[in-house]
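Residue-level structure breakdown
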Amino acid sequence: MNTVVYQENNQPAQISNVVYDDIYVGQTATQTRTLSDADIQAFAIVSGDMNPAHLDPEYAGHTLFHGVIAHGMWGGALISTVLGTQLPGPGTIYLEQQLHFSKPVRIGDTLTISATVIAKEDEKKRVTLDCQIINQLGEKVVSGNALVIAPAERVSRPRTQLQTMAMFDLGARQRHLIDSVRDLSAVRCAVVHPCDVESLKGAVDAASHGLIIPVIIAPLVKLQALAQEANLDLSGMELIDVAHSHAAADKAVELAAEGKVEALMKGSLHTDELMGAVVRCLALRTKRRLSHIFHLDVPMYHKVLLLTDAALNIAPSLMDKADILQNAINFAIALNITEPKVALLSAVETVSPKIISTIDAAALCKMVDRKQITGGIVDGPLAFDNAISANAARIKGIDSVVAGDVDILMVPDIESGNMLAKQFEYLSGASTCGVVVGARVPIALTSRSQGSASRVASAALVKLLAHHYRTVAP
């Protein structure tokens, strides 16, 4: 018996066929494949088959199979793969396929797919093959005969290199963030001038999630008209009437300084209006500079990324950067990231007197060595590709434990940071939220263009930090 075995992820560079005249009874081709959750998701998307037996673990747990199983026709597709790429291979015309499903296929099962020639019909160059799929326990899960017309001409073609399909659960890390603070009590939060639909809806939604107890500060006539227009229920919420956005910022800061709220949330006013009021209030200042941190769920990256500072500090000095770096490390630790890895970004990965950010990065690394900055593993200067990709770092001869596993990206100035954050969001599909740290209370700070989901996630951040600040001084 002539058997050709191809292992998954170890495919030959060429696809060749077996012409009818070279096919003989007993000839076999096999292939192996391990079922993953991504396979099930991808097949559901391509086929449109959204049967909850394949996609909903809670539902599937109560079925006859007691758990999620693969679509039956996924097995059929595996048989088609063997017929179309190996035996007979390119040029094969599929005529019939019988399928008998004996056992379910579950995530993690490793399957051996085989096709064995059992009959030939010379006049029409038809071939009948016995097709079987066997799992890792030796159990037959799918079987049936296939009838094909085998090719008459030899074909050998380079294997087409397809783009990798990746399955993403967009926003999953933000949902995990919200779930992670579910057991903490809601914190009183001053919501400052939420006079557009998204900012007001964000506050209402954050309250409904049990994240904050909102104290809404805004011109009441304008606020109530907006709530009615957007069908948002403000009943039971504390509302404070002020004349305009500047007054709202001042009142919110006053409440925070008096300990009547534990957090602030930016509404539809400009960032400098709110932050100007915070900076003027000495009671809310700490020894460190205020800085902003983006919490990014980037689909193509394997964990949460933090980005600082892309919103407050325009052109920070070295000592400003030291504060920004320590703020970010402390924030990551509050998120239960042990020894966060920080990449100090620049345009290049070598120190150059012509690029000030590389000099600052080198100085910050030395400050870490001298324990002037503590709690993190810091490397820089690193170009963006070296920070994100360990392979890019290896190619350039960079030996770094940060490269490819970074938790915090620290940018040299607000221009590069702002552009990078928006590229993550608008080109990479990142879910974003953000918070200002360095004050006595955390401040949820999002762009006015961001929707309710981002504001809810930002509320989860301030809830987490407010509880953290009760035991650890900011």
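Preceding this paragraph is the structure being described.
Criteria and cut-off values
Residues numbered from 1 in each chain as written. Predicted model: local features only at pLDDT ≥ 70, side-chain atom pairs only at ≥ 80, totals over all residues. Heavy atoms only, no water. Salt bridge = Lys/Arg side-chain N within 4 Å of Asp/Glu carboxyl O. Helix = DSSP H or I, 4+ residues; strand = E, 2+ residues; numbered from the N terminus. Buried < 20%, exposed > 50% of the residue type's maximum accessible area, 1.4 Å probe, protein only. Axes fitted to C-alpha atoms, helices over the stretch in contact; angles between N-to-C directions. Parallel < 35°, antiparallel > 145°, perpendicular 65-115°, else oblique. Left-handed = near helix turned anticlockwise from the far one by under 90°. Contact = heavy atoms within 4.5 Å. Core = buried A, V, L, I, M, F, W, Y, C linked by side-chain atoms within 4.5 Å. 1 Å grid on protein atoms, 1.4 Å probe; cavity = no way out; pocket = protein on both sides within 12 Å on 5 of 7 lines; lining within 4 Å. Points joined across faces, edges and corners; volume = space filled by probe spheres on them. Patch = residues over 30% accessible without salt bridge, like charges linked within 9 Å, V, L, I, M, F, W, Y side chains within 5 Å. Areas by Shrake-Rupley, 256 points an atom, 1.4 Å probe, with all protein chains shown as cover. Lys, Arg positive; Asp, Glu negative; His and termini not counted. Charge placed at Lys NZ, Arg CZ, Asp CG, Glu CD. Polar contact = N/O pair within 3.5 Å; in protein donor to acceptor, adjacent residues only side chain to side chain.

Taken as a whole, this structure holds 18 salt bridges when the rule is applied. In this structure, the salt-bridge partner of Asp22 is Arg154, at a minimum N-O distance of 2.7 Å. Of this pair, Asp22 sits in the loop between strand S2 (14-16) and strand S3 (28-34) while Arg154 sits in the loop between strand S8 (140-149) and strand S9 (156-158); the two residues are 132 residues apart in sequence, bridging distant segments of the chain. By relative accessible area, Asp22 is classed as partly exposed at 37%. A relative accessible area of 61% means that Arg154 is categorised as exposed. In this structure, Asp320 and Arg289 form a salt bridge, with 3.6 Å as the shortest nitrogen-oxygen distance. Note that Asp320 is positioned in helix H10 (residues 318-334) and Arg289 in the loop between helix H9 (271-280) and strand S14 (291-297), a separation of 31 residues in sequence.

Moving on, we get to the packing of H10 against helix H11 (residues 356-369). Two elements in contact, H10 and H11, have axes separated by 10 Å at closest approach and are oriented at 55 degrees. As the angle between them shows, H10 and H11 are arranged oblique. Between H10 and H11 lies a crossing whose hand is right-handed. Along the contact surface, H10 presents Leu318, Met319, Lys321, Ala322 and Leu325, while H11 presents Ser357, Asp360, Ala363, Leu364 and Met367.

A separate point is the nonpolar core. Leu211, Ile212, Leu325, Phe331 and Leu344 are the most contacted members of the largest nonpolar core, which has 61 residues in total. For Phe331, the contacting residues outside a window of four places in its chain are Ile293, Leu306, Val435, Val437, Leu461 and Leu465.

This part takes up helix H1 (residues 37-47). In an α-helix, one full turn covers 3.6 residues, which means residues spaced three or four apart are oriented alike. All of the buried residues along H1 are Asp39, Ile40, Ala42, Phe43 and Ala44. Contacts made by the buried residues of H1 are with S3, helix H2 (52-55) and helix H4 (72-85). After H1 finishes, the residue Gly48 shows a positive phi value of roughly 80 degrees.

When we look at burial in H9, the residues that qualify are Glu273, Leu274, Met275, Gly276, Ala277 and Val278. Where H9 is buried, its residues touch strand S10 (187-192), helix H8 (245-257), strand S13 (263-266), strand S19 (431-437) and strand S20 (443-444).

The next thing to look at is the layout of surface pockets. Looking at the second largest pocket, its volume works out to about 420 Å³. Forming the boundary of the second largest pocket are 22 residues, of which Thr271, Ala311, Asn418, Thr446 and Ser447 lie nearest the centre. Listed by contribution, the elements that provide at least two residues to the lining of the second largest pocket are H9, S14 and helix H14 (414-426). Top element by residues in the lining of the second largest pocket is H14. It accounts for five residues.

Glancing now at empty space enclosed by the protein. Applying the stated rule across the entire model yields two cavities of 30 Å³ or more. Its volume calculated, the largest cavity comes out at about 60 Å³. Taken together, Lys321, Leu344, Leu345, Ser357, Asp360, Ala361, Leu364, Met410, Val411 and Pro412 make up the full set of residues lining the largest cavity. At the level of elements, strand S16 (341-345) and H11 are the ones that each hand at least two residues to the lining of the largest cavity.

This part is about a negative patch on the surface. A cluster of acidic residues, Asp21, Glu121, Asp122 and Glu123, forms a negative patch at the surface. Structurally, Glu123 is set in the loop between strand S6 (110-121) and strand S7 (126-134). Among the residues examined, Glu123 registers a relative accessible area of 73% and is labelled exposed.

So, on to the environment of Ser47. When you line up the elements, Ser47 lands in helix H1. Counting along the chain gives 27 residues from Ser47 to Trp74, while the straight-line C-alpha distance between them is 9.8 Å. There is a polar contact of 2.7 Å between the side chain of Ser47 and the backbone oxygen of Phe43. Reaching out from Ser47, the side chain makes a polar contact with the backbone nitrogen of Asp49 at a distance of 3.1 Å.

The next subject is unusual backbone geometry. A cis amide bond, omega 0 degrees, links Leu87 with the succeeding residue Pro88. Relative to the elements of secondary structure, Pro88 occurs in the loop between H4 and strand S4 (93-97). Thr308 connects to Asp309 through a cis peptide bond whose omega is -10 degrees. The phi angle at His193 is positive, at roughly 55 degrees, despite the residue not being glycine. Along the chain, His193 turns up in the loop between S10 and helix H6 (197-208). With relative accessibility at 9%, the residue His193 sits in the buried group.

Any functional reading would require information beyond the geometric quantities listed.
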